[in-house]
Structures are given as structure tokens and as C-alpha cells.
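Structural features, examined
For reference, the chains in residue letters:
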Amino acid sequence: RWQTEYKRLLTKEEVRDISRVSDLRGLETLVELLPTKVGSPLSITSLSTDLNRKYDTVKSWIEMLEALYMVFTLRPWHKSISRAIKKEKKLYFSDWSLLPDSGQRFENLVAVALCRMAARFTESGIGQFEVCYIRDRERREVDFVLVKDQAPLALFEAKTANSGVSGGASYFSNRLSIPLYQIALKAERVEAFPGNRFLIPAANFLMLTG
């Protein structure tokens, strides 16, 4: 009941206060669609087709939801910043409990924890920290990369199952010579693997990130 009221307040009352949105029904439909897009590169073109709305309209709605702290986006990291800007961002919710899918919900939780940690590091004055993701042309991907002053520091994968270390994430760990931390929801203990790779239970990770 609280979540339903929360979404209603955001999409009707708060939006009305900051913008002249006349198509509230379209915005509500977007909010219902976005949970299915969590964890994947967000195609505004695809969303505009699904909603039968203009590209610029959907883009402005997402920017509005970001301004209201309902959602946030992570950009793809690349050595060439201009190249990364051209790639699609990934979207997450500030309140991960809104997501029905357990895998997406856990990845969203990890995203929030990492962003909170990055913000704390930045505020401490030791550098400019950001959480991004990596994906190449071969569709190898790693969920998150912690970046300091545009340089990657560590990779993070979110997994609900206690499985082996991700192949795509291992590839980027080798390529960038940075550690990989796989956060597993059902893992019971910390494990270390060759090549600076680690499996960490979610509870341990969340205590470390604060």
C-alpha cells in the first residue's frame, strides 16, 4: 500500500509541482515499465515505441524521475569519455523493493550500496568517485566498476546464486589489471581465487559499504 501511494505521489503530485506534464497516464505507464529494464542498457528508443510517445518526451520523463530521486542511471565506462557518452546508460531504482524480480532486485540493491560508498569516498576528499558499468562489442559485460578520477579501481558482479566467478567480469579484470569482487546473495563465506578475484557473501559486502 505504501509503495502504491509513493508512486502515485511521485507521478502526480510531485511531477505537477516541478513540470507541466499533461500526459500523466503516459508517465504512470513508464513507471510501470521501468522495473523490467533494470540491469540492462536502457533504450529510450525502445521505450518510446512501447509507450507510443516521442523520444524527447520519454527522455524528459526519465530525467524528471531522476530529479525526484525515484531512479538513477549509471553510464558505461570507457577510456574515451566521448565514446562512453554515446552508449546507453543503465537504470536503477532508489527503492529496490519496487522490483518484482529477485535477481534484478538484488542487483539494484548492490548498485545503491556501491553508489552510497562512492559518494562517501568523494565527500572524504580523496578523489572523485563514480560507479559505472562496462560492456564491449562482444557483449561481455560486468555489472559495476568503481572509478576514481576516471581510472577504474575495482569490478563488482551481483549474483543471487553461489556460482563460479563470471567469465565476462574475469575478462575485464585481466584486461584492466584490477580486482573483481563477485557479490553472491547465497554465499556463506569469503573465497579468494587466482587472478585477484573474490567471492563475497552479500551480508559481508553490505556491512563494508555501510
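As a reminder, the structure under discussion sits directly above these lines.
Residues numbered from 1 in each chain as written. Predicted model: local features only at pLDDT ≥ 70, side-chain atom pairs only at ≥ 80, totals over all residues. Heavy atoms only, no water.

A few points about the pattern of salt bridges
The tally for this structure, following the rule as stated, stands at ten salt bridges. Its salt-bridge partner being Arg25, residue Glu28 comes within 3.3 Å of it at the nearest N-O pair. Of the two residues, Glu28 and Arg25 both sit in helix H2 (residues 24-33), three residues apart, roughly one turn of that helix. Taking relative accessible area as the criterion, Glu28 reaches 18% and is therefore assigned buried. For Glu157, the salt bridge goes to Lys159, with nearest N and O atoms at 3.5 Å. Overall, the relative accessible area of 3% leaves Glu157 in the buried class. (Salt bridge = Lys/Arg side-chain N within 4 Å of Asp/Glu carboxyl O. Helix = DSSP H or I, 4+ residues; strand = E, 2+ residues; numbered from the N terminus. Buried < 20%, exposed > 50% of the residue type's maximum accessible area, 1.4 Å probe, protein only.)

Side note on the packing of aromatic side chains
As enumerated under the stated definition, the model contains seven aromatic pairs in all. Taken together, a centroid distance of 5.8 Å and an interplanar angle of 45° make the contact between Tyr92 and Phe144 tilted. Residue Tyr92 is located in strand S2 (residues 90-93), and its partner Phe144 is located in strand S4 (residues 141-148); the two are separated by 52 residues in the primary sequence. By relative accessible area, which is 0% here, Tyr92 ends up buried. Here the aromatic cluster, defined as three or more aromatic residues joined through ring pairs, consists of Phe156, Tyr181, Phe198 and Phe205. (Phe/Tyr/Trp six-rings, centres within 6.5 Å; stacked < 30°, edge-to-face > 60°.)

Thoughts on the environment of Glu141
Counting through the fold element by element, Glu141 comes out in strand S4. On the accessibility criterion, Glu141 (18% relative accessible area) is buried. C-alpha of Glu141 to C-alpha of Tyr171: the two residues are 30 residues apart in sequence and 9.1 Å apart in space. Separated by 3.2 Å, the side chains of Glu141 and Lys90 make a polar contact. A distance of 2.7 Å separates the side chain of Glu141 from the side chain of Arg135, its partner in a polar contact. (Polar contact = N/O pair within 3.5 Å; in protein donor to acceptor, adjacent residues only side chain to side chain.)

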